[in-house]
Amino acid sequence: MAKAATKAHPGVKSAVRIVVAGDRGTGKSSLIVTAVSETFPSSVPPVLPPTRMPDDFYPDRVPITIIDTSSKVEDAGKVAEELKRADAVVLTYACDRPETLDRLSTFWLPELRQIEVKVPVIVVGCKLDLRDENQQVSLEQVMSPIMQQFREIETCIECSAFKHIQIPEVFYYAQKAVLHPTGPLFDQESQTLKPRCVRALKRIFILCDLDRDGALSDAELNEFQVKCFNAPLQPSEIVGVKRVVEEKLPGGGANDMGVNDRGLTLTGFLFLHALFIEKGRLETTWTVLRKFGYNNDIKLSDELIPTFKLAPDQSAELTSEAVEYLRNIYELFESDGDNNLRPAELEDIFSTAPESPWDEPPYKDAAEKTALGGLSANAFLSEVSSPSPSPSPSSCVSECTHADAMCVLGWALMTLLDPSKAVENLIYIGYSGDPSAAVRLTRRRRLDRKKQQSDRNVFHCFVFGPKKSGKSALVNSFIGRPFYDSYAPTVEEIYAVNVVDLPGGIKKTLVLREIPDDGVKKLLSNKESLASCDIAVFVYDSSDQSSWKRATELLVDVASHGEDTGYEVPCLIVAAKDDLNSFPMAIQESTRVSQDMGIEAPIPISSKMGDTNNVFRRIVTAAEHPHLSIPETEAGRSRKQYNRLVNHSLMFVSVGAAVAIVGLAAYRVYAARKNSSG
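Computed from a prediction, not measured in an experiment: that's the story for all the values here. (Residues numbered from 1 in each chain as written. Predicted model: local features only at pLDDT ≥ 70, side-chain atom pairs only at ≥ 80, totals over all residues. Heavy atoms only, no water.)

(A) Focus on helix 6 (residues 195-208). With 14 residues, helix 6 should cover 20 Å at 1.5 Å per step; its first-to-last C-alpha distance of 20 Å lies within 8% of that length. For helix 6, every residue scored as buried is listed here: Cys197, Arg199, Ala200, Leu201, Lys202, Arg203, Ile204, Phe205 and Cys208. (Helix = DSSP H or I, 4+ residues; strand = E, 2+ residues; numbered from the N terminus. Expected span 1.5 Å × (residues − 1). Buried < 20%, exposed > 50% of the residue type's maximum accessible area, 1.4 Å probe, protein only.)

(B) How the structure looks around the sheet that holds strand 3 (residues 64-67). Spatially, 2-3-1-4-5-6 is the arrangement adopted by the six strands of the open sheet, whose pairing is mixed. Both edges of this open sheet fall to strand 2 (51-53) and strand 6 (153-158), since each of them pairs with a single strand only. Direction aside, neighbouring strands of the sheet carry axes that sit 25° apart on average. Taken together, the five bridges between strand 5 (residues 121-126) and strand 6 define a ladder with parallel strand orientation. Bridge pairing in strand 6 places glycine 125 opposite glutamate 158. Sheet strands in contact with helix 1 (residues 28-37) are strand 1 (16-22), strand 2, strand 3, strand 4 (88-94) and strand 5, and its direction is about 35° off that of strand 2. Set on the sheet, helix 3 (residues 98-114) makes contact with strand 1, strand 4, strand 5 and strand 6; between it and strand 4 the angle comes to about 155°. (Pairing = 2+ DSSP bridges. Axes fitted to C-alpha atoms, helices over the stretch in contact; angles between N-to-C directions. Contact = heavy atoms within 4.5 Å.)

(C) Broad picture of the confidence of the model for the protein. For the protein, per-residue confidence averages 87 on the pLDDT scale, and 85% of positions sit at 70 or higher. Every residue in residues 382-395 is under pLDDT 50, and counting partners more than four places away or in other chains gives 32 contacts. Of the regions scoring below 50 in pLDDT, residues 399-407 engages in 29 contacts with residues more than four places distant in sequence or in other chains. (pLDDT = per-residue confidence, 0-100.)

(D) Expanded view of the sheet that holds strand 21 (residues 603-604). Pairing is mixed across the open sheet formed by six strands, whose spatial order is 17-18-16-19-20-21. Edge positions in the open sheet fall to strand 17 (494-502) and strand 21, since each of these has one partner strand only. Lying over the sheet, helix 19 (residues 545-565) contacts strand 16 (458-464), strand 19 (535-541) and strand 20 (571-576), oriented at roughly 165° with respect to strand 19. Strands strand 16, strand 17, strand 18 (506-514), strand 19, strand 20 and strand 21 of the sheet are contacted by helix 21 (residues 615-624), whose axis makes an angle of about 85° with strand 17.

(E) Fine view of the packing of helix 8 (residues 235-248) against helix 9 (residues 266-278). Orientation of helix 8 relative to helix 9, taken along the N-to-C sense of each, is 95°, at an axis distance of 10 Å. Comparing their axes, helix 9 and helix 8 come out roughly perpendicular. When helix 8 is examined against helix 9, the residues Val241, Val244, Val245 and Lys248 are found in contact with a partner set consisting of Gly268, Phe271, Leu272 and Leu275. Counted by class, the contact of helix 8 with helix 9 contains six nonpolar, one polar and one charged residues. (Parallel < 35°, antiparallel > 145°, perpendicular 65-115°, else oblique. Nonpolar A, V, L, I, M, F, W, Y, C, P; charged D, E, K, R; others polar.)

(F) Up close: the side chain of threonine 100. You can see threonine 100 is positioned in helix 3. Residue threonine 100 is classed as buried on the basis of its relative accessible area, which comes to 1%.

Here's what the structure looks like:
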């Protein structure tokens with residue numbers, strides 16, 4: 001099925017650096033000289049200079065540089081530096097000196113781990129011709145315990161430079177371990193393909209299954225062969241491939257058949273690659289992976305993933321084309337019509353990605369889940385901005401139950417935080433459009449304030465508040481989590497994303513980012529920390545005066561930071577725990593602060609009673625009008641008054657200067673006329 005391919009692909013190294021290390025007298029230098037010159041040297045210097053093998057020495061035609069190292073104790077630091085720069089390490093021992101073999105597991109291999117050398121290791125037994133014939137032991141028997149302990153060992157081989165036994169093979173295996181490593185593809189212990197390799201091969205299979213019938217026909221197999229190896233398969237070769245698969249995978253059921261009446265199945269395709277690897281033909285699988293853009297980590301190469309240059313106060317959103325694709329994906333995988341994308345169905349969607357992005361923070365728990373633990377349509381999809389039935393007055397959080405009125409929530413969050421990652425995952429799940437056109441960059445927030453409106457579909461809200469203020473309960477209520485009386489402090493930032501219904505059937509996506517009280521100082525130490533914020537909310541416990549005091553301190557800190565950096569944001573205050581009695585003078589205090597800072601009065605809510613008072617709609621509405629609800633501190637107000645005074649003074653100076661210039665010009669005209677008449 002595979003023939004040699006010499007064209008380089010993204011992720012393939014253009015040169016390989018092999019460092020040879022080992023105890024004194026184990027044959028390092030003789031091994032290198034004999035490999036390059038094909039002649040055993042009568043004498044060698046203690047350490048050879050860097051040695052380059054001819055480019056065409058091996059079929060891959062990738063240049064190899066071999067670095068010899070010293071065995072002297074005083075040179076240990078230099079040797080360590082060389083090892084850190086290696087693409088592969090050859091560790092030598094002498095077959096006639098068992099103690100040098102023991103030193104591999106007692107010194108050299110632990111040393112590589114100590115200095116964090118994470119490259120393939122080739123263990124080479126030199127001076128095979130000098131081994132005592134009465135002490136013949138199989139290499140497998142000797143090396144098996146060591147390889148079990150040190151998984152970084154890729155290959156073990158014995159050789160003789162004097163008798164030219166297996167010398168070229170040493171550096172061939174070293175180069176091969178770099179260009180075609182086993183580790184990312186195959187689990188030696190279980191003798192199975194690794195999950196990430198299976199996922200990549202599944203994606204490739206689906207891309208090559210042009211008629212989407214679940215099998216590669218003879219024509220599709222041939223196209224795959226030409227694409228990967230630049231050579232067609234003969235009809236007899238296709239028959240041979242299928243025969244091998246059928247013999248090994250006769251299949252008792254539809255899912256374990258390697259070949260069916262339509263062609264080679266995914267099961268058969270994966271089996272073939274496992275077979276290639278077992279037979280040592282890793283270059284076949286690597287050629288396929290690299291032809292489809294994968295690197296050594298079995299992820300798409302960086303060259304295939306677009307990067308987006310955003311100003312600090314810009315954000316990214318999915319385009320309508322990308323949203324439409326995701327809507328179709330939802331409908332395809334949510335096949336039972338229960339408006340519940342179950343964990344297995346969600347996993348199936350991402351079965352062609354290295355991992356499911358929803359398994360890691362901050363995406364893992366950011367969206368609403370159903371009682372069955374899956375994602376509702378609203379959590380996976382929600383409409384960007386189009387008419388839909390108006391919500392009931394008691395709720396401003398959308399409860400869509402049909403995939404056709406939806407936009408991507410988890411995806412909206414990922415696109416907001418990391419647009420390149422969002423596009424990368426779109427590609428993994430089959431998006432075939434222009435990747436760079438899947439995302440649009442919004443207008444800068446600073447310009448939104450000047451225009452006095454925002455056309456964003458996704459709003460980013462920072463949620464501040466002291467400990468025990470109720471901010472976590474507010475965030476949890478946004479995604480349908482139940483209220484808990486027990487207190488659990490927020491120790492790291494938490495995200496929640498959902499859709500908010502606005503009057504007229506408009507839907508907007510709101511992302512809440514809860515900032516721990518202890519993390520505010522660190523956040524504001526960054527000049528651009530508020531640049532990505534559309535609106536800030538300050539939550540306090542309305543029954544606790546100290547909570548109110550801390551919330552107002554946070555408000556002043558954030559407002560001052562915005563005034564100092566130019567990234568001012570609208571702010572709202574939320575009075576949580578409205579089911580409890582307010583602290584004395586609460587109304588007077590809140591009224592004074594609201595009026596002094598020029599923002600709305602606090603919004604009372606009770607997460608415990610389920611009364612959110614349309615707070616999420618009010619957050620979005622305030623974010624849509626970014627020139628309003630911006631708090632003004634005393635220092636900021638004084639600065640503005642000073643600037644107005646300076647500008648006013650400059651205006652008078654400018655007018656005075658203009659009058660003086662006009663007067664001077666008039667005088668000169670008058671003087672000139674007087675002189676001419678005289």
